[in-house]
Amino acid sequence: MSVPRGSERGVAIDNDDPSGQMRASARPCPACGVTSSRPAFVVHGHPHVRCTVCTTLFVSPLPDPDRVRATYLQPDYHETADASIPRMRSEARARARRCLELGARRILEVGCGPGHFLDAARELGASIEGLDPARTATAAADRGHLIHAIWLEQFAPPELYDCLALWEVLEHLPDPAASLAIMREWLCDSAVLALSTPSISGAPARILGRRFPMISPPDHLELFSQRGLRTLLERAGFTVVSWSSFSNLDAATLARGVGRFLGSSAIARPVARIAGAIGTIPARLLDRAGLGTSFEVYARKR
Ligand SMILES: [Zn+2]
């Protein structure tokens, strides 16, 4: 099945600037803050550069802010394949349990989307609210969750939280350090910061290069290296408690990826299903080695 260009984030790739004159812009590294970077490649018309100090990959110059926000507000933005929902719910339950183990009782999730984590945390007895201007979050509001349907710069919480959850959020922010500084003010002392974000340090990113699906401007504006993300959190006033790598590669997701190559013949579907199941084994090994597609990090406010 062919997919219209632009409807599947991170797949279409443009050629490098043929003039060879693409230069690093003045945008400092969103992770470590230095201004030294070198050109990497162009994807969807957006030049990417790599920080020479921490190797974080980022879009530079930044796209128009209105375009970034319009991308996030597209009605199908949080659309998820039905087959992946059980994995997402199970992941949300594990994350909620971890937050509560660290002492979280009053949680704010920024970028809550359809609300799997909200559901999981509430089921475990935590008080939780969501902040998300996207229409998808209305489904969570319909299930009785308190949703602040605004951008984070517009938010002023009436009380402090003891946990802030940022699942797949940092990579969308034009200035993650500035946003973390704002959100840190919403937290009480020693509050938990729980987050996940794509990794440019993992094996999939290294092998696939600019074809790594997480490189998807203007949706993703930076992909952190391990060193870069640690530096960002330190600069923002958080101390890392635990750090792991994961890949979101369940059998259904892998089977869909294989199926794209095999087409729609009668034999293709069972072959893709078997290949998907087998493919979860190396994916788990990569995660254990810290080389998965994404980071999952728990930190505390200093
Ligand atoms: Zn850097």
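Residues numbered from 1 in each chain as written. Predicted model: local features only at pLDDT ≥ 70, side-chain atom pairs only at ≥ 80, totals over all residues. Heavy atoms only, no water.

Asker: I'm lost on the coordination of the zinc ion in this one. Help?
Answerer: In the first shell of the zinc ion, the protein supplies C29 (SG), C32 (SG), C51 (SG) and C54 (SG), at 2.3 Å from the metal. Metal-centred angles of 102 to 120 degrees between the four donor atoms at the zinc ion mark the site as tetrahedral. For the zinc ion, the single-chain donor residues occur in sequence as C-x2-C-x18-C-x2-C. Here the two residues C51 and C54 agree in accessibility, since each one is buried. (Donors = N, O, S within 2.8 Å, 3.2 Å for Na, K, Ca; no water. Tetrahedral: all angles 85-135°; square planar, octahedral: opposite > 155°, others 65-115°. Buried < 20%, exposed > 50% of the residue type's maximum accessible area, 1.4 Å probe, protein only.)

Asker: Sorry if this is basic, but what is going on with the packing of helix 5 (residues 176–184) against helix 7 (residues 226–235) here?
Answerer: In a packed pair of helices, the relevant descriptors are the angle between the two axes and the axis-to-axis distance. Packing of helix 5 against helix 7 brings their axes to within 10 Å, and their N-to-C directions diverge by 40 degrees. As judged from the angle between their axes, helix 5 and helix 7 are oblique. The interaxial crossing formed by helix 5 with helix 7 has right-handed handedness. From helix 5, P176, A177 and L180 reach across to helix 7, where they touch L232, L233 and R235. Class assignment for the residues of the contact of helix 5 with helix 7 results in five nonpolar, no polar and one charged. (Axes fitted to C-alpha atoms, helices over the stretch in contact; angles between N-to-C directions. Helix = DSSP H or I, 4+ residues; strand = E, 2+ residues; numbered from the N terminus. Parallel < 35°, antiparallel > 145°, perpendicular 65-115°, else oblique. Left-handed = near helix turned anticlockwise from the far one by under 90°. Contact = heavy atoms within 4.5 Å. Nonpolar A, V, L, I, M, F, W, Y, C, P; charged D, E, K, R; others polar.)

Asker: Got a minute to help me understand the sheet that holds strand 4 (residues 106–110) in this structure?
Answerer: Where strands meet in a sheet, backbone hydrogen bonds hold them as pairs that are either parallel or antiparallel. Strand order in the open sheet made by the seven strands is 6-5-4-7-8-11-10, with mixed pairing throughout. Pairing within the sheet leaves two strands with one partner each, and these edge strands are strand 6 (146–148) and strand 10 (238–246). When the angles between neighbouring strand axes are averaged without regard to direction, this sheet yields 20 degrees. Taken together, the five bridges between strand 4 and strand 5 (residues 127–131) define a ladder with parallel strand orientation. What sits directly across from L108, in strand 5, is E129. Along the sheet face, helix 7 touches strand 8 (187–198), strand 10 and strand 11 (294–301) and points at about 155 degrees away from the line of strand 10. (Pairing = 2+ DSSP bridges.)

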